[in-house]
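Chains, contacts and geometry: an overview
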Amino acid sequence: MANKSAIETIAAIATAPGAGGIGVVRVSGPLSSHIAEQVLGHLPSPRHATYLPFLQADGRLIDRGIAIYFPNPYSYTGEDVLELQAHGGTALMQLLLSRCIECGARHAEAGEFTKRAYLNEKIDLAQAEAVADLINAATEEAARSAVRSLSGEFSQVIQTLLQQLIDLRMYVEACLDFPEEDIDFITQGHVLEKLQANQASLKAIFRQAEQGLLLREGINVVLIGQPNVGKSSLLNALSGEEVAIVTPIAGTTRDTIKSAIQIQGVPLHMIDTAGLRNTEDAVEQFGIARTWKAMETAHVALLLVDSAHGIGPFEAEILQRIPAGVQKVWVHNKIDVSRETSRVELLEKESHVFLSAKTGMGIDHLKKTLLQIVGYQPSGEGVFMARARHLQALQRVDTHLHCALANMHAAELIAEELRYAQEALSSITGEFTPDDLLGEIFSRFCIGK
């Protein structure tokens, strides 16, 4: 997997687009020292911040700033790296980057610095993904979980389980070399007990990864119901600001309104939709069509009804059209009018939350219900950032362990299932990862990382 000496030298602006107090141009590859000599006049002392002029080819001054040179392998990418810190003007950054390209570098592709760090074994694939997750973290909890993954906590628990699978597989395969011996190696080696212990460890990892996936991706919540039932008011109450127009006029919301909020660190992508009703208004009809379109990507549907009227035939008809797999929460709004108490009831395995979007009574009940329905435990301890592909790999491991347990009579089949489980688990950290998957992962990074 290692790629100790890349042929090409790459360069990119490593700071966010737009003007700022400080901007950074990053260079990585074998020409880094040459570029430093051309731009700075000489090669700075390794790993020391040096204040120097940055020069054009004709000696004119581009800017003055801080230069740091990291000789391989003691750098982020494992290659020679040069970082130039200058004033963060957009034109200035482009001028400095162009100077590095003029000296022999090429423009870096998205995620190429981190990809080189992975290929040069500075970090594994799970840690590389955590770099992007940390940059894109939308909540404090998500950022903390990404830091845990970047520091190697996720990789460590994966490696611990992986080593247990390897040790057990080696033992079982060794048993196959002595078929004539009248010894029950499977029983003597406690293979059954070890497989069950591996399943228990896998279950704990999966639970932590599920929590991390929620922190990373959040949940899509769609508000649906008849006009004037209080969808926009509820969106405003949950978000804490006036993101939707609220009027007593039916059909005010004619299109979907999206708002990003968070509950105890979990991002919620709230979608307020057009009120569902029969209408001749072409614009409103278009908005209603979008309501049903939004349902296709929803994790949770909040079905709003007026608490004074309850669930009627129209709501029952809506319920029939909600896609399978979408969690449902009934929200009985306007309890300030019906003079009911805020509460949560579980009826026929569906949650019913009684609240007032106008006064805020019962909003906390709804927030707690949303977290419970998606299975989030807000402790946060030990949660590391995870992606859908990680959970899919863990599910494959679980399938192969189950198959191994189902074939305790045949050591050959146990060994084969353990091999498959090992490969699935290794794909998380990148030991067995196809090139097309690597391209997909790193293409989603920003330029300069």
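Numbering of residues starts from 1 in each chain and follows the order in which that chain's sequence is written. In keeping with the model being predicted, local features are shown solely for residues with a pLDDT of at least 70 and side-chain atom pairs are shown and tallied solely at 80 or more, while totals for entire chains, interfaces and linings include all residues. Remark: hydrogens and water are excluded; side-chain values derive from all non-hydrogen atoms of the structure.

The name given to the protein in an unreviewed UniProt entry is tRNA modification GTPase MnmE, and the organism recorded there is Methylophilus aquaticus. UniProt positions are given in the numbering used here, feature names are shortened, and annotations may be inferred rather than shown by experiment. For the record of the protein, the UniProt heading Sequence similarities (unreviewed entry) holds the text "Belongs to the TRAFAC class TrmE-Era-EngA-EngB-Septin-like GTPase superfamily. TrmE GTPase family." One UniProt comment on the protein, placed under Subunit (unreviewed entry), says "Homodimer. Heterotetramer of two MnmE and two MnmG subunits."

Quick word on the pairing of strand 12 (residues 343-347)
Pairs of strands are assigned from DSSP output, requiring at least two bridges between the strands. Every helix listed is a DSSP run of H or I at least four residues long, and every strand listed is a run of E at least two residues long, numbered separately from the N terminus. Sheet analysis places strand 12 next to strand 13 (residues 350-354), joined by 5 bridges and oriented antiparallel. From the neighbouring strand, Val-344 faces strand 13, where its bridge partner is Val-353. Connecting the antiparallel pair strand 12 and strand 13 is a turn made up of 2 residues, with Glu-348 showing a positive phi of about 50°.

Remarks on the layout of surface pockets
Remark: the empty space left among the atoms is shown by a probe the size of a water molecule rolled over them. Note on definitions: the grid is 1 Å and covers protein atoms alone; a cavity is a set of points where a 1.4 Å probe fits but cannot get out; a pocket is an open set with protein on both sides within 12 Å along at least five of seven lines; lining residues have an atom within 4 Å of a point. Grid points are joined across faces, edges and corners, and a volume is the space filled by probe spheres set on the points. There is about 290 Å³ of room inside the second largest pocket. Forming the walls of the second largest pocket are 19 residues, and the residues nearest its centre are Ile-13, Thr-15, Ala-16, Pro-17 and Gly-18. Of all the secondary-structure elements, those providing two or more residues to the lining of the second largest pocket are strand 2 (20-28) and helix 2 (90-102). Three categories are distinguished: nonpolar for Ala, Val, Leu, Ile, Met, Phe, Trp, Tyr, Cys and Pro, charged for Asp, Glu, Lys and Arg, and polar for the others, with Gly belonging to the last. Split by residue class, the lining of the second largest pocket holds 10 nonpolar, 8 polar and 1 charged.

Description of the packing of helix 9 (residues 231-239) against helix 13 (residues 363-373)
Structural elements are reduced to axes, namely lines fitted to C-alpha atoms, with helices fitted over the stretch in contact, and the angle between N-to-C directions of any two is expressed from 0 to 180 degrees. The interhelical angle for the contact between helix 9 and helix 13, taken along N-to-C directions, is 80°, at an axis separation of 11 Å. When the axis of helix 9 is compared with that of helix 13, the two are roughly perpendicular. Contacts from Leu-234, Ala-237 and Leu-238 of helix 9 reach helix 13 at Ile-363, Leu-366 and Lys-367. Angles are sorted into four bins: roughly parallel if under 35 degrees, roughly antiparallel if over 145, roughly perpendicular if 65 to 115, and oblique for all others. When checking whether two residues touch, look at their non-hydrogen atoms; a contact exists if any pair is within 4.5 Å.

A look at the packing of aromatic side chains
Pairs of aromatic rings are described using the distance from one ring centre to the other and the angle between the two planes. In this scheme Phe, Tyr and Trp rings, the latter by its six-membered ring, pair at centre separations within 6.5 Å, and the angle between planes marks the pair as stacked below 30 degrees, edge-to-face above 60, and tilted otherwise. A complete count under the given rule lists 2 aromatic pairs for this structure. Seen in terms of ring centroids, Tyr-118 and Phe-442 are 6.2 Å apart; in terms of plane orientation they differ by 35°. Their pairing is tilted. Taken together, the positions of Tyr-118 in helix 3 (residues 112-119) and Phe-442 in helix 16 (residues 435-442) put the pair 324 residues apart, joining distant regions of the chain. Classification of Phe-442 by relative accessible area gives buried; the value is 2%. Aromatic pair Phe-154 and Phe-384: ring centres 4.4 Å apart, planes at 20°, arrangement stacked. Residue exposure (1.4 Å probe, protein chains only): buried if accessible area is under 20% of the type maximum, exposed if over 50%, otherwise partly exposed.

Observations regarding the sheet that holds strand 3 (residues 50-55)
Strand order across the open sheet formed by 6 strands is 3-4-5-2-1-6, with mixed pairing between neighbours. Across the chains shown, the open sheet's two edge strands, defined by having one partner strand only, are strand 3 and strand 6 (106-107). Alignment of strand 3 against strand 4 (residues 61-70), held across 6 bridges, turns out to be antiparallel. In the sheet register, Pro-53 faces strand 4, and the bridge partner there is Arg-64. Set on the sheet, helix 2 makes contact with strand 1 (10-13), strand 2, strand 3, strand 4, strand 5 (81-88) and strand 6; between it and strand 5 the angle comes to about 155°. Here helix 3 sits on the sheet in contact with strand 1, strand 2 and strand 6, set at roughly 135° to strand 1.

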